[in-house]
Amino acid sequence: MSMARRDAFSLVALALFILLAANPTSVESIGVCYGMLGNDLPSRSDVVKLYQTKGIHAMRIYAPDRDTFNALKGTGIELIVDVPKDLLPSLANDASAATNWVQNNILAYDEVSFKYIAVGNELMGNDANNILGAMSNIWDAICSAGRCGQIKVSTSVRFDVLTNTYPPSNTVFGASHMGPIVNFLKNTGNPLLVNVYPYFSYAGNQDQIRLDYALFTASSTVVTDGQYQYNNLFDAMVDSVYYALEKAGGSSVGVVVSESGWPSAGGAATTVDNARTYNQNLINHVRNGTPKRPGNLETYIFAMFNENQKTGDETERHFGLFYPNQTSVYSINFN
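Each chain carries its own residue numbering, running from 1 in the direction its sequence is written. Two thresholds apply to this predicted model, a pLDDT of at least 70 for residue-level local features and 80 or more for giving and counting side-chain atom pairs, whereas whole-chain, interface and lining totals are computed over all residues. With hydrogens and water excluded, all non-hydrogen atoms of the structure serve as input to the side-chain values.

The chain is annotated in an unreviewed UniProt entry as Beta-1,3-glucanase of Rhynchospora pubera. UniProt positions are given in the numbering used here, feature names are shortened, and annotations may be inferred rather than shown by experiment. Looking at the chain in UniProt, the text filed under Sequence similarities (unreviewed entry) is "Belongs to the glycosyl hydrolase 17 family."

Here you go:
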C-alpha cells in the first residue's frame, strides 16, 4: 500500500471511529415509556427536560397529547404515539377518519420526531378485530402525506399472542388476528412492537424459572435450543417472537421491544435492587441483540414514573425509574 493510500485509509478509519464514538449504540437502543396515570406527575415540559438531562433519546406515550407534543418540538427525542383502542372502529371503517387523525395528531406537529404509530396496545379478543383496518388506513394516510419513509405504523402486542414458547424454536402465534397483521407488516416494511416482561414470566412460574435467568445475572447457559444458547430469559422471549414471525411468513419483519421493565415493590422479587439490576442490564444488553438476531434491538423501558392511578396489582404502580418529584427510584446509567 502506498503512503498516500495508507494515509487516506487512516483518515477514513479515524473518521469512522469518531462517528461511532459520537453515536454510541446503547443510546440508540433505549427509550423510556412515559405513562400519565398519576395525579402528582410533573408538567409535560419538565418531563421532557428530564429526558434530555438523563440522555434519554426516545419516548413512548399512550395517546396523543398536545402539551407533550409541544414540549417535544425541536428536541429530536423520537416518539412512539399510541392510538387509543376506542378510536379503532372508526379509523378502521372510515379512511377519512384516519386521514383526519393523522393530520390532527401527526402532521400538525412537524417539529416532533414521530417514529412509530402504535395502533392499539395489547389488544386481544374482540378488541383486536379493528387493528388491521385501522393500521392500513393510517398507513395510507401517512404515505399520502409523503411520510411513510419516516414514520412506521404497527401495533403493540402482549407476549401471550404467542403459544408453545418453550423452547423458543417451538413458538407460534396463538392469537388468530396475528397472521393478517404479520402479512401487513411484511408487505409495508413495518416492524412488530412487542411488550416483553421477563418479570411476569418469572413471577408466575417461580418453580420453573430462576431469578438470575430473569435478571440477566446467570453466569452460564440455562437453556439450549438447537444452535442457540440462552443465559437470560429476555433473549429467549424475543427470539420466540422471531420464530413465530418466521412461521407466519414474516421472516423479514423486525421487532421493537415497546415495553420491558421490573417493578421495585408490590410483588414477588420486587426490590429496588432487582429493578435496578434488570433495567441496567437491559440497557447494557440490547445493543447486542439476541442469539438468533444479533445487532441493535430497539427497546423501551417501562416506565418513566411510578403512577399512583394505575389499576390492577400493586406492582403496576411501581415500575417507575423516577418518583413524581423527579428523584430517582434507583441510580441507572443510560449511556
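After that view, the rundown keeps rolling.
Visitor: Tell me about the pairing of strand β1 (residues 30–33), and please be specific about residues and values.
Guide: Alternating residues of β1 divide into Ile30 and Val32 and Gly31 and Cys33, and every residue in both groups is buried. Pairing analysis gives three bridges linking β1 to strand β12 (residues 299–301), with the strands arranged parallel. When the sheet's bridge partners are listed, Gly31 is paired in β12 with Tyr300. Bridging between β1 and strand β2 (residues 58–61) involves two bridges; their strand directions are parallel. The cut-offs for exposure are 20% and 50% of the maximum accessible area for each residue type, with area from a 1.4 Å probe on protein chains only; residues under the lower value are buried, those over the upper are exposed, and the others partly exposed. Each helix corresponds to a stretch of at least 4 residues labelled H or I by DSSP, and each strand to a stretch of at least 2 residues labelled E; elements are numbered beginning at the N terminus. Paired strands are those between which DSSP finds at least two bridges.

Visitor: Provide a residue-level description of helix α11 (residues 233–247), including the pertinent values.
Guide: The α-helix winds at 3.6 residues per turn, so residues separated by three or four positions along the chain end up facing the same way. Over its 15 residues, α11 runs 21 Å from end to end, which matches the ideal 21 Å to within 8%, given 1.5 Å per residue. Most of α11 sits out of view: 13 of its 15 residues are buried. Two residues or fewer past α11, Gly249 is found with a positive phi of approximately 85 degrees. A helix's residues, less one, multiplied by 1.5 Å, set its expected span.

Visitor: If you had to explain helix α7 (residues 131–144) to someone new, which residues and values would you point to?
Guide: Over its 14 residues, α7 runs 20 Å from end to end, which matches the ideal 20 Å to within 8%, given 1.5 Å per residue. Along α7, the positions that sit buried rather than exposed are Ile131, Ala134, Met135, Asn137, Ile138, Trp139, Ala141 and Ile142. Contacts: residue pairs with any heavy atoms within 4.5 Å of one another. Of the surrounding secondary structure, the elements contacted by the buried residues of α7 are β3 (78–83), α5 (88–93), α6 (95–107), β4 (113–121), β5 (152–158) and α8 (178–188). Positive backbone phi, approximately 75 degrees, marks Gly146, located one or two places after α7.

Visitor: Quick rundown of the side chain of Asp239? Include the residues and the values.
Guide: Within the secondary structure, Asp239 is located in helix α11. None of His or the chain ends enter the tally, which takes Lys and Arg as positive and Asp and Glu as negative. Should a side-chain nitrogen of Lys or Arg be within 4 Å of a carboxyl oxygen of Asp or Glu, the pair is scored as a salt bridge. In this structure, Asp239 is buried with no salt-bridge partner, the nearest side chain bearing the opposite charge being Arg293 at 6.8 Å. What qualifies as a polar contact is a pair of N or O atoms within 3.5 Å, subject to a donor-acceptor requirement within protein and to the restriction that residues adjacent in sequence count only when both atoms come from side chains. A polar contact of 3.0 Å, which involves the side chain of Asp239, links it to the backbone nitrogen of Lys292. Apart from residues lying up to four places away in sequence, Asp239 is in contact with Pro168, Tyr230, Thr290, Pro291, Lys292 and Arg293.

Visitor: Outline the layout of surface pockets, supporting the account with residue identities and numerical values.
Guide: The way it works is a 1 Å grid over only the protein atoms, where trapped points that fit a 1.4 Å probe form a cavity and open points with protein on both sides within 12 Å along at least five of seven lines form a pocket, and then any residue with an atom within 4 Å of a point lines it. Grid points are joined across faces, edges and corners, and a volume is the space filled by probe spheres set on the points. Here the largest pocket defines a volume of roughly 890 Å³. Forming the boundary of the largest pocket are 33 residues, of which Tyr62, Asn121, Glu122, Glu259 and Lys310 lie nearest the centre. Elements supplying a minimum of two residues to the lining of the largest pocket: β3, β4 and α9 (198–204). Grouping the amino acids of the lining of the largest pocket by side-chain chemistry returns 16 nonpolar, five polar and twelve charged. Three categories are distinguished: nonpolar for Ala, Val, Leu, Ile, Met, Phe, Trp, Tyr, Cys and Pro, charged for Asp, Glu, Lys and Arg, and polar for the others, with Gly belonging to the last.

Visitor: Tell me about the packing of aromatic side chains, residues and numbers included.
Guide: Stacked, tilted and edge-to-face are the three classes applied to pairs of Phe, Tyr and Trp rings, where Trp contributes its six-membered ring and a pair requires centres within 6.5 Å; stacked means planes under 30 degrees apart, edge-to-face means over 60, and tilted covers the rest. Summed over all chains, the structure comprises 14 aromatic pairs. Where Phe302 meets Phe319, the ring centres are 5.7 Å apart and the plane angle is 65 degrees; that geometry is what we call edge-to-face. Note that Phe302 is positioned in the segment after β12 and Phe319 in the segment after β12, a separation of 17 residues in sequence. Each member of the pair Phe302 and Phe319 is classed as buried. Three or more aromatic residues joined by ring pairs form one cluster here, namely Tyr62, Tyr197, Tyr199, Phe200, Tyr202, Phe216, Phe234, Trp262, Tyr278, Phe302 and Phe319. Arg293 extends its terminal NZ or CZ atom over the ring of Tyr242, reaching a point 4.2 Å from the ring centre. Note on geometry: a ring has a charge over it if NZ (lysine) or CZ (arginine) is within 6 Å of the ring centre and within 35 degrees of the ring normal.

Visitor: How would you sum up the environment of Val223? Please name residues and give values.
Guide: As for its position among the elements, Val223 is in strand β9 (residues 223–225). Exposure remark for Val223: the relative accessible area of 7% places this residue in the buried category. When the C-alpha atoms of Val223 and Asn105 are compared, they prove to be 45 Å apart, with 118 residues separating the residues in sequence. Once residues lying within four places of it in the same chain are set aside, the contact partners of Val223 are Tyr166, Tyr213, Tyr228, Gln229 and Tyr230.

Visitor: Provide a residue-level description of the sheet that holds β2, including the pertinent values.
Guide: With parallel pairing, the eight strands of this closed barrel are ordered in space as β1-β2-β3-β4-β5-β8-β11-β12. Shown here is a sheet whose adjacent strand axes are inclined to one another by a mean of 25 degrees, direction ignored. Direction of pairing for β2 relative to β3: parallel, over a ladder of four bridges. Following the sheet pairing, Met59 is matched in β3 by Leu79. Angles shown run from 0 to 180 degrees and are taken between the N-to-C directions of axes, each axis being a line fitted to C-alpha atoms and, for helices, limited to the stretch in contact.

Visitor: Please provide a residue-by-residue account of the pattern of salt bridges, values included.
Guide: Applying the stated criterion to the full structure yields twelve salt bridges. What emerges from the salt-bridge pattern is a single network uniting Arg60, Asp82 and Glu259.

Visitor: Describe the pairing of β5, with residues and values.
Guide: Looking along a regular strand, one sees the side chains alternate between the two faces of the sheet. For β5, the buried fraction is high: five of the seven residues fall into the buried class. When the strands point away from the viewer, a crossover counts as right-handed if the route from the first strand across the helix to the second turns clockwise. One crossover worth recording links β4 to the parallel β5 by way of α7, and it is right-handed. The pairing of β5 with strand β8 (residues 192–195) spans three bridges and is classified as parallel. Bridged to Ser156 within β8 is Leu193.

Visitor: Outline the packing of α7 against α8, supporting the account with residue identities and numerical values.
Guide: How two helices sit against one another is set out by the angle between their axes and by the gap between those axes. Two elements in contact, α7 and α8, have axes whose closest approach is 10 Å; the angle formed by their N-to-C orientations is 15 degrees. The orientation of α7 with respect to α8, classified from their angle, is roughly parallel. The crossing of α7 and α8 is left-handed. Every residue of α8 that contacts α7 at Ile131, Leu132, Met135, Ser136 and Trp139 is listed here: Pro180, Ile181, Phe184, Leu185 and Thr188. Looking at the contact of α7 with α8 residue by residue, the classes come out as eight nonpolar, two polar and no charged. Put simply, angles under 35 degrees are roughly parallel, angles over 145 are roughly antiparallel, angles from 65 to 115 are roughly perpendicular, and the rest are oblique. Less than a right angle of anticlockwise turn of the near helix away from the far helix marks a crossing as left-handed, whereas a clockwise turn marks it as right-handed.

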